[in-house]
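# An overview of the molecular structure
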Amino acid sequence: MDPRKASLHDTPQQLLKDVERRFAAHQAAISFSGAEDVVLIDMACHLGLEIDVFSLDTGRLHPETYEYLETVRDRYGVQIELLMPEPDAVAKLVHDKGLFSFYRDGHGECCSVRKIEPLRRKLATLDAWITGQRKDQSVTRTDVPIEQEDQAFSTADHRLIKFNPLADWTSQQVWAYIRQHDVPYNKLHDQGFVSIGCQPCTRPVGPHEHERAGRWWWEEATQKECGLHAQNVVKMVG
Ligand code: SF4
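Residues numbered from 1 in each chain as written. Predicted model: local features only at pLDDT ≥ 70, side-chain atom pairs only at ≥ 80, totals over all residues.

## Here's the deal with the pairing of strand 2 (residues 52-56)
The buried count for strand 2 comes to four of five residues, which makes it a mostly enclosed element. Here strand 1 (residues 28-31) runs beside strand 2; their pairing, made up of three bridges, is parallel. Bridging across to strand 2, S31 finds its partner in F54. Chirality of the crossover, the property in question, places the unit of strand 2, helix 3 (residues 63-76) and strand 3 (residues 80-83) among those that are right-handed. (Buried ≥ 20, exposed ≤ 12 C-beta atoms within 10 Å, placed from the backbone. Helix = DSSP H or I, 4+ residues; strand = E, 2+ residues; numbered from the N terminus. Pairing = 2+ DSSP bridges. Right-handed = clockwise from strand over helix to strand, strands pointing away.)

Structural data, given as structure tokens:
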């Protein structure tokens, strides 16, 4: 692997090109969950880059999100690998605690089963992953770097690098890019949703609310990470 590390002066497009150059085929992938990630897919496609795409299908997504996945697949001609939770683990959780235990005892357990375990399985096969995380998305993301060693999913014998090419972009920049390049977006954005996750854990936000206020709204703002990024936004190395 080339030791060159991403620079603050890299544009997202330069960074994506660099990722493709630094990592072997199918060893780096874009994690698709929202508008920012499709901006990255749009950039990669326009640059002719061969970067894999995956997404977490928790089984609790909005119908509009499933339609959006298909729209993106058709628009860009990309395969989107859907990562699903272990059926036995979901069955046990639902058997023991029902379908809405997260409203009573927090989202950690359900996210662990439906998101973290399938993501961990996938990331064990990669050397790098690419997300659309931005610093201004949340009080928990203000220090997100454009490149970091993944503190949550690296292991003693497997180093994983995480790239956040849009870390320094604002929401306004993302939406300007979407409009300028006619990038498809989730129809739920037209209904007041900003940050979109699972259907039971996402609601629209008001004009003066922060974009992550609609996620796990019954919990404290400092708890609004689902484990996909939690340790990385606390322990920065990049
Ligand atoms: S966001 Fe909600 S429904 Fe989705 S995995 Fe987490 S707790 Fe479960």
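## Quick notes on the environment of G192
With respect to the element layout, G192 can be found in the loop between helix 7 (171-180) and helix 8 (230-234). For G192, a count of 13 C-beta atoms within 10 Å translates into the label partly exposed. Residues G192 and G214, 22 residues apart in the sequence, show an inter-C-alpha distance of 9.7 Å. If we ignore the near neighbours within four places in the chain, the residues touching G192 are P204 and V205. (Contact = placed C-beta atoms within 7 Å.)

## So, the environment of G48
Examined against the element boundaries, G48 turns out to sit in the loop between helix 2 (35-46) and strand 2. Residue G48 is classed as exposed on the basis of its C-beta count, with 8 C-beta atoms lying within 10 Å. A sequence separation of 31 residues divides G48 from K17, and the C-alpha atoms of the two residues are 9.3 Å apart.

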